[in-house]
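# Examination of the molecular architecture
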Amino acid sequence: MKNLLNKFKINSRAYIKTNILFMSYVIVSLLNSTILRFFTVNNYFAIKPVLADLAVILLVGALGYFIKPKNQFKYFFTWTVIFTAVCVVNSLYYTNYLSYASFSLLATSLQIVDVADAVTENILEIKDFIYLIAPIILIIVHNILKKKQYYEAVSKIEVGKVRALNTLVAGLIVLGFFISMLTAVDISRLNKQWNREYVVMQFGIYTYQLNDAIASLKPQISPLFGYDDAAKEFRDYYSKNTREKSNNDYTNIFKGKNLLMIHAESIQQFLIGKTFNGVEVTPTLNKLSKEGLYFSNFYAQESVGTSSDSEFTLNTSLMPASSGTVFVSYWDREYVATPKLLKEKGYYTFSMHGNNSTFWNRSNMHKKLGYDRFYAYSDDFEIDETIGLGLSDKSFFRQAVPYIKQISEENKNFYGTLIMLTNHTPWAGIEEHTDFSVDYKYTNDNGVEVSAPYLEGTTLGKYIKAVHYADEALGQLINDLDKEGLLEDTVIVIYGDHDAKIKKSEYIRYYNYDPYTDSVLDEDDPKYVDVDFYSYELNRKVPFIVWSKNNKLRTEVTEVMGMYDVLPTLGNMFDFYSPYALGHDMFSINENVVVFPDGNWLTNKMYYYNQKEEGLLLKADEPVSVEYINKYNEISENLISVSDKIIVYDLIKKTKETDDLLEQYQNNKKKE
Ligand code: GP9
Ligand code: MN
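Residues numbered from 1 in each chain as written. Chains lettered and ligands numbered in written order. Predicted model: local features only at pLDDT ≥ 70, side-chain atom pairs only at ≥ 80, totals over all residues. Heavy atoms only, no water.

### Details of the coordination of the manganese ion (ligand 2)
Each angle at a metal carrying four tetrahedral donors should ideally be 109.5 degrees, and each at a metal carrying six octahedral donors should ideally be 90 or 180 degrees. Note the following rule: Coordination here is defined by N, O and S atoms within 2.8 Å of the metal (3.2 Å for Na, K and Ca), and since water is not considered, a site can look incomplete. Working rule for geometry: tetrahedral if four donors all subtend angles between 85 and 135 degrees; square planar for four, octahedral for six, if opposite donors exceed 155 degrees and the others stay between 65 and 115; irregular in every other situation. A run of DSSP states H or I qualifies as a helix once it reaches four residues; a run of E qualifies as a strand once it reaches two. Both are numbered from the N-terminal end. Only protein chains enter the accessibility calculation, which uses a 1.4 Å probe. A residue is then buried if its area is under 20% of the maximum for its type, exposed if over 50%, and partly exposed in between.
For the manganese ion (ligand 2), the full set of protein donor atoms is Glu-265 (OE), Glu-265 (OE), Ser-307 (OG), Asp-497 (OD) and His-498 (NE2), at a range of 2.0 to 2.5 Å. Note that the manganese ion (ligand 2) binds six donor atoms; their angles at the metal cover 54 to 168°, and the shape is irregular. Within one chain, the residues donating to the manganese ion (ligand 2) are spaced in sequence as E-x41-S-x189-D-H. Taken together, the residues Ser-307 in helix α15 (residues 306–316) and Asp-497 in the loop between β12 (490–496) and α22 (504–512) connect sequence positions 190 residues apart. Each member of the pair, Ser-307 as well as Asp-497, is classed as buried.

### A short note on the site of ligand 1
Keep this limit in mind: Nearness is defined per residue: one heavy atom within 4 Å of the molecule or strand is enough. What qualifies as a polar contact is a pair of N or O atoms within 3.5 Å, subject to a donor-acceptor requirement within protein and to the restriction that residues adjacent in sequence count only when both atoms come from side chains. All accessible-area figures derive from a Shrake-Rupley calculation using a 1.4 Å probe, and residue coverage is judged against the displayed protein chains alone. Residues are said to line a cavity or pocket when one of their atoms sits within 4 Å of a point; the points come from a 1 Å grid over protein atoms alone, cavities being sets where a 1.4 Å probe fits but cannot get out and pockets being open sets with protein on both sides within 12 Å along at least five of seven lines. Each molecule is assigned to a cavity or pocket provided more than half of its atoms lie within 2 Å of the corresponding grid points.
Residues in contact with ligand 1 amount to twelve residues; listed here are only the nearest, Thr-306, Ser-307, His-353, Arg-362 and His-424. Within the contact set of ligand 1, an oxygen atom lies 3.1 Å away from a side-chain nitrogen or oxygen of Glu-265. Contacts to ligand 1 include Ser-307, whose side-chain N or O atom sits 2.8 Å from an oxygen atom. Burial of ligand 1 by the surrounding chains reaches 97%, relative to a free accessible area of 310 Å². The cavity that encloses ligand 1 is the largest pocket.

### Examining the sheet that holds strand β19 (residues 601–602)
What counts, and what does not: Two strands make a pair as long as DSSP finds a minimum of two bridges between them.
Pairing in this open sheet of four strands is antiparallel, and the strands run β18-β19-β20-β21 from one edge to the other. Looking at the sheet topology across the chains shown, the edges are occupied by β18 (594–595) and β21 (614–617).

### Regarding the environment of Ala-153
Note on placement: Ala-153 falls in helix α9 (residues 150–157). On the basis of relative accessible area, Ala-153 is assigned to the partly exposed category, the value being 45%. Taking the C-alpha atoms as reference, Ala-153 lies 48 Å from Leu-98; in sequence the two are 55 residues apart.

### A closer look at the layout of surface pockets
The line we're drawing: Grid points are joined across faces, edges and corners, and a volume is the space filled by probe spheres set on the points. Ten residue types, Ala, Val, Leu, Ile, Met, Phe, Trp, Tyr, Cys and Pro, are classed as nonpolar, four, Asp, Glu, Lys and Arg, as charged, and the remainder, Gly among them, as polar.
One number sums up the size of the largest pocket: a volume of about 950 Å³. If you trace the largest pocket, you find 38 residues lining it, with Arg-189, His-424, Thr-425, Ala-500 and Lys-501 closest to the centre. Within the residue set of the lining of the largest pocket, elements represented by two or more residues are α11 (184–192), α15 and α21 (459–483). In terms of residue count, α11 provides more of the lining of the largest pocket than any other element does, five residues in total. When its volume is computed, the second largest pocket comes out at roughly 760 Å³. As for the second largest pocket, its lining consists of 38 residues, and the residues nearest its centre are Asn-241, Thr-242, Arg-243, Gly-583 and His-584. Those elements that place two or more of their residues in the lining of the second largest pocket are α13 (227–240), α24 (566–574) and α25 (626–649). No other element matches the eight residues that α25 contributes to the lining of the second largest pocket. Its residues assigned to classes, the lining of the second largest pocket comprises 14 nonpolar, 13 polar and eleven charged.

Quick look at the structure:
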């Protein structure tokens, strides 16, 4: 045993002595990434990002051993410089944007100007340049080693390939450890890349940047191939699917009115009208849905871009991108969007949000959609009450009203979007902000009032409390707007942006709870309500309400509706129009179809589950034919495909350019 220990000591001493340069490279690169996390997200103690950074450093470093020792310095130095640059750029970026740098954003001149400003403004901050110590240390180490004739000595050992292999194996072991610690949320967030802080906190800065580079490259590369086919598909599609301007009872009813859109985070429709112990979960929404136009079968069509996808689809009537997200990866394309269309009609357009403006790259994308101004987080709001991800909805709305008042005084018309936040998962600590209870109260045989826990302490319970809070905030907003006289000429539209992604098991308890035994019914109990794929999917619907104080429409529309139908439907009422809309005006269509990004679709008669090639009939007395299914399969496929082509190939802009050229050419011909 002693011998073994001695051997190990001698071996490791020999290893250290002959790997000084490599080890210096590993230490300084790891130190840099840790310092960066220390100054930004402050999770420098966490093991996961350290393992991830170490794995990248080792795997990259292993290749250095294929190079002759006397040239190895160049290799390790280059990588140290690259890693250092990543840290410096991200440190500068974080100071200014409270987020990490992305190639997709740096690739545009506009953003470079912003960052250049940031660089000059912060040039004196030592913490942004502390990372330069890494290459300096490496140079010093190199010079000492040179003097000591280290490289000559190491050359004689000739173990390059073995070292490379050993280091590679070590790197892979570290990587394996790291991967074993990953959760499903980690992987999904790495894919989406929208919550960049989270990705860096879990994956370290080097993996983040590598992943970002790959994700940023894709939208640049894919448009290089297949443009002609895409443009043809686009022209074919719109020549067959022209969207006529509608003419119906709702045409122009709100022409010239202001429009205030409320993006109600994760609010699902099933809570409208629901009570717990006789108390309404959503009294405000209940009232507005009764007084206004209430679309009770409205579905979000979001993909991995969740909130941002819904904003995109609602404002453009296009589908989300089939890979990546429009807001992060395809934000620099041209889109015809509601804010832009209303701006052309003289509206002042704005958006507001109580969270960091870089989330979902909104600061860039909102400009692209045509918003004149994005009021966000601490730049425009006092963060005086934080719940969950950021500013509480009540404080957000309270502070939004004076801005809206000023906007309304300074402009003839406005289009605004208020993006709510408090009802965002995981609803932690919501109990401190509401006393709404989700227990089940009853009087027992002895006349004593008993409280059975029901949903108390469950995720669904927390969610319902948060929805109640959000509804109260909405009520407060409507009151405040009314007090300021802002409801006279303003139409309020409320949409749930997507479902709350609550697990099936939570709903099982919701539907099958027996308060008298405080237990959940057995699956074979005749009263047991199952939550299968279809009932879960159908329950994901969200509210969509159009409400105006002076024009009580009092209509419930039960026809299925998708997020992409919002632009044409509101367009008909407010007099704006997009020729590229994929959805429909709800008052000009006989049978609507909601196409989901995964190819599933929904009509009033059927929910079709594309992957399984089966469907659920929604009206027992109305069977559907094979032709019916084929027809909607084809519609869905074409629609998803053309939408994605528009996004990836920037077709709205490109085909317009070609058309303009053609027109010019024809005009010139005529003149000749
Ligand atoms: C982020 C917020 C939530 O600011 O809008 O986004 P989500 O997670 O719902 O996509
Ligand atoms: Mn959302």
